[in-house]
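Structural features, examined
This is what each chain is made of:
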Amino acid sequence: MWKWINSFAKPEKAYWLASAMQPYFFAIALLGLTVGITWGLVFAPADYQQGDSYRIIYIHVPSAILSQTAYIAMATAALVGIVWQWRTAFMFISAIAPVGAVICFISLFTGAAWGKPMWGTWWIWDARLTSQLILLFLYLGVMSLYLAFEDKQQGGKAAAIMALVGVINIPIIKYSVEWWNTLHQGATISKFDQPSMPAEMLWPLLISILGFVGFIGIITLIRFKNEMIIRDKHRPWVMQMFAENSELQRLSASKKEVN
Amino acid sequence: MQSQFDSFSAFLNMGGYGFFVWLAFGITALSMLLITAHSLFVKQQIRKTVAQEQARAIRILEAREKRKRARQAKTVEQTESSKQTNSNLDIEQKD
């Protein structure tokens, strides 16, 4: 029943799927980021305690949540790669790790820029901030392990094991605000029945999160396709793809000459 | 929907938090732009190198084919000429 899913272990099939999904992620990213950020910056009401500084939430919360979601996606790919020996899964790890690292950096930086006016400090070594910093190091570790091996299949396996071990950090980040005393405020939107935010602030946040999902998706897909072509450039499916392209170019060039 | 700010300068000021808000949004935009640019740059580089390598492979194959054909033509020529000599010899023998 689940056999069809194994066809995506083949790069040509995965490449086709990535190309098919690209326009949707692009549209979601463009719409979500434009609408969410504009709404949050201009139209959402100011916070009664934090004034306009709270508007950083419209990039801080999406990047913080999604840096963890992206990590889980990477770890899932790692599991698939190790258990089923998918080459494409390792390529996916190398594609999403830099994107996750950038998103994680954004969450840390925006947090610092929000912390300075509200807490009086850019940085503090408390549980939430430290575990999020470890997440950034995990991303960087996965990237460098993959790059450290000449044999990319070996590098993929090493990076996948590191990604799997690092999953332990995700629940630590999530519950750090409950387990330890911290400056960081508690969850804002995860309790949907009773969110600690009014609707006119919550909607732009949700739309902005959607926009970040689209952004992570489109960049990961571009990098995933890049990696597949680099790794397989001497394989028939890539040769064929580029042969078709150059054939088309030659045809269009000859047509121009005729005209 | 009503804008929360009376003027553009009030919007930039962000109720006194302008520096922090725009620092956060600026660095975010910069990071996102950089990784987008890098991904697209790599994409273009790969396309270029793969196309070049393929054109080179095709040129090598064509050159090899050409040489092979030249060699074959030469052999045919040789056999033709030797046939000619043989037949000349035959005629001579008949005489």
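Everything numeric in this text was worked out from a predicted model, so none of it was measured.

**Observations regarding the pattern of salt bridges**
Residue and element names in this part refer to chain A. In this structure the tally under the stated criterion is 4 salt bridges over all chains. A salt bridge links R55 to D52; the nearest nitrogen and oxygen atoms lie 3.0 Å apart. With a relative accessible area of 0%, R55 lands in the buried category. D52 sits in the buried class, given a relative accessible area of 11%. Between D232 and R235 there is a salt bridge; the shortest N-O distance is 3.6 Å. When its relative accessible area of 41% is taken as the criterion, R235 is described as partly exposed. Ionic contacts of the salt-bridge type, sharing partners, join the residues R87, D232 and R235 into one network.

**Remarks on the nonpolar core**
By size, the foremost hydrophobic cluster in this structure holds 38 residues, and its most contacted members are L41, Y54, I57, Y58, M197, F212 and F215 of chain A. Elements supplying a minimum of two residues to this core: α1 (11-43), α2 (57-84), α3 (87-119) and α7 (199-231) of chain A together with α2 (18-94) of chain B. Looking at this core element by element, the count peaks at 10 residues for α7 of chain A. Filtering out sequence-adjacent residues up to four positions away, L41 of chain A remains in contact with R55 of chain A together with F5, F11, M14, V21, W22 and F25 of chain B. Residues F90, I93, L133 and Y139 of chain A belong to the second largest nonpolar core, which totals 24 residues.

**Quick notes on the confidence of the model for chain B**
When pLDDT drops low, the exact placement of atoms in the prediction is not to be read closely. On average, residues of chain B score 86 in pLDDT, and 94% of them are at 70 or above. Scored as a complex, the prediction yields pTM 0.84 and ipTM 0.85.

Rules used throughout
Residues numbered from 1 in each chain as written. Chains lettered and ligands numbered in written order. Predicted model: local features only at pLDDT ≥ 70, side-chain atom pairs only at ≥ 80, totals over all residues. Heavy atoms only, no water. Salt bridge = Lys/Arg side-chain N within 4 Å of Asp/Glu carboxyl O. Buried < 20%, exposed > 50% of the residue type's maximum accessible area, 1.4 Å probe, protein only. Core = buried A, V, L, I, M, F, W, Y, C linked by side-chain atoms within 4.5 Å. Helix = DSSP H or I, 4+ residues; strand = E, 2+ residues; numbered from the N terminus. Contact = heavy atoms within 4.5 Å. pLDDT = per-residue confidence, 0-100.

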